[in-house]
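# Summary of structural features
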Amino acid sequence: MLFYLVSALPYILQLLLIIHIIRNGKPFLWLWLIVFLPYIGGIVYLVMEVLPDLRSGGSVSRMGAAVANAVNPGRPLAELEELVKRQDTITNRTKLADCYLSLARYDEALALYDSCLTGPYADDEVLLVKKIQALYLSGDGGEAKRLMDEFKKEHRLQDASQVLLDLQVSGEWDKLMELFTGTNNFRVGYVCAEHFAEIGDGEQVRKVVEIMEENLRLYKYLRRTDNYEWYKKTKKRAARLPD
């Protein structure tokens, strides 16, 4: 029994590393390394990604990080900037770029994403999508669309957030509304409401809120999900509309 357990240990460790990569949003290049070069890839991943995260307090929960940002936005940014000075890894640079993006410091975010998109990470899907998002938010919709079109030639859109970004940069708001009404995804509804508010279509904004409220009435469980937070944000956006 002990022999079989010891024999299975490398495969268990390999599985744990794969789970760590996926759950922490690490570049997918690591998956290939660990699958095809399990021992060497695993050791390199532990040294390059896991150990620096542990030293920098990577065990802090995402909820705790969100609370820190809400209370003192400067503190996590300062910590991340210092972290990159001490441990200049792709992971740490990406975290810092994400923080810049959340603070609307788009030029700095884009510069960091570009610095990561080199060498073995030049075609990393996660980083490419982050760069496209940063371009779109910075107002460079044309370049964002060009990169998204190139991205779709080489990669398949993996999840709802990527589909959402694709529709945003393409300006396909009718399809976005269809996605919202077809999935009850309130985040998509909020994006639609923001767009309609910007172009002065208050009627459509109120329609989004009405759809959300009807779904909340029909499906009580939605109040216990992130959808309810997106509903509150959308409601506040609607309240700022001119009479």
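Parameters and conventions
- Residues numbered from 1 in each chain as written.
- Predicted model: local features only at pLDDT ≥ 70, side-chain atom pairs only at ≥ 80, totals over all residues.
- Heavy atoms only, no water.
- Axes fitted to C-alpha atoms, helices over the stretch in contact; angles between N-to-C directions.
- Helix = DSSP H or I, 4+ residues; strand = E, 2+ residues; numbered from the N terminus.
- Parallel < 35°, antiparallel > 145°, perpendicular 65-115°, else oblique.
- Left-handed = near helix turned anticlockwise from the far one by under 90°.
- Contact = heavy atoms within 4.5 Å.
- Nonpolar A, V, L, I, M, F, W, Y, C, P; charged D, E, K, R; others polar.
- Buried < 20%, exposed > 50% of the residue type's maximum accessible area, 1.4 Å probe, protein only.
- Salt bridge = Lys/Arg side-chain N within 4 Å of Asp/Glu carboxyl O.
- Patch = residues over 30% accessible without salt bridge, like charges linked within 9 Å, V, L, I, M, F, W, Y side chains within 5 Å.
- Areas by Shrake-Rupley, 256 points an atom, 1.4 Å probe, with all protein chains shown as cover.

## Description of the packing of helix α6 (residues 90-102) against helix α7 (residues 106-116)
The description of two helices packed together rests on the angle between their axes and the distance between the axes. Contact geometry for α6 and α7: axes closest at 8 Å, N-to-C directions at 160 degrees. In terms of orientation, α6 lies roughly antiparallel with respect to α7. As for the relative orientation of α6 and α7, their crossing is left-handed in sense. On the side of α6, the interface is formed by I90, R93, T94, L96, A97, D98, Y100 and L101, while α7 contributes Y106, E108, A109, L112, Y113, S115 and C116. Of the residues assigned to the contact of α6 with α7, the class counts are 10 nonpolar, two polar and three charged.

## Quick look at helix α10 (residues 160-170)
Of all the positions in α10, only Q162, L164, L165, D166, L167, Q168 and V169 are classed as buried. On its buried side, α10 packs onto α8 (125-138), α9 (141-154), α11 (173-183) and α12 (186-198). Phi turns positive, to about 70 degrees, at G171, one or two residues after α10.

## What about the pattern of salt bridges?
In the structure shown here, the tally under the stated rule is 14 salt bridges. The salt bridge involving R146 is made with E150; its shortest N-O contact spans 2.6 Å. With a gap of four residues between them, R146 and E150 both fall in helix α9, about one helical turn apart. R146 gets classed as partly exposed once you look at its relative accessible area, which sits at 38%. The salt bridge partner of D166 is K152, with a shortest N-O separation of 3.0 Å. With D166 in helix α10 and K152 in helix α9, the pair connects residues that are 14 residues apart, well separated along the chain. Taking relative accessible area as the criterion, D166 reaches 8% and is therefore assigned buried.

## Quick notes on a nonpolar patch on the surface
A cluster of nonpolar side chains, namely W32, V35, F36, L37, Y39 and I40, defines an oily patch on the protein surface of about 730 Å² accessible area. Counting only elements with at least two residues in the nonpolar patch, the list comes to α2 (29-36) and α3 (38-55). With three residues, α2 is the largest single contributor of residues to the nonpolar patch. Here Y39 lies in helix α3. According to the relative accessible area criterion, Y39 is exposed, its value standing at 60%.

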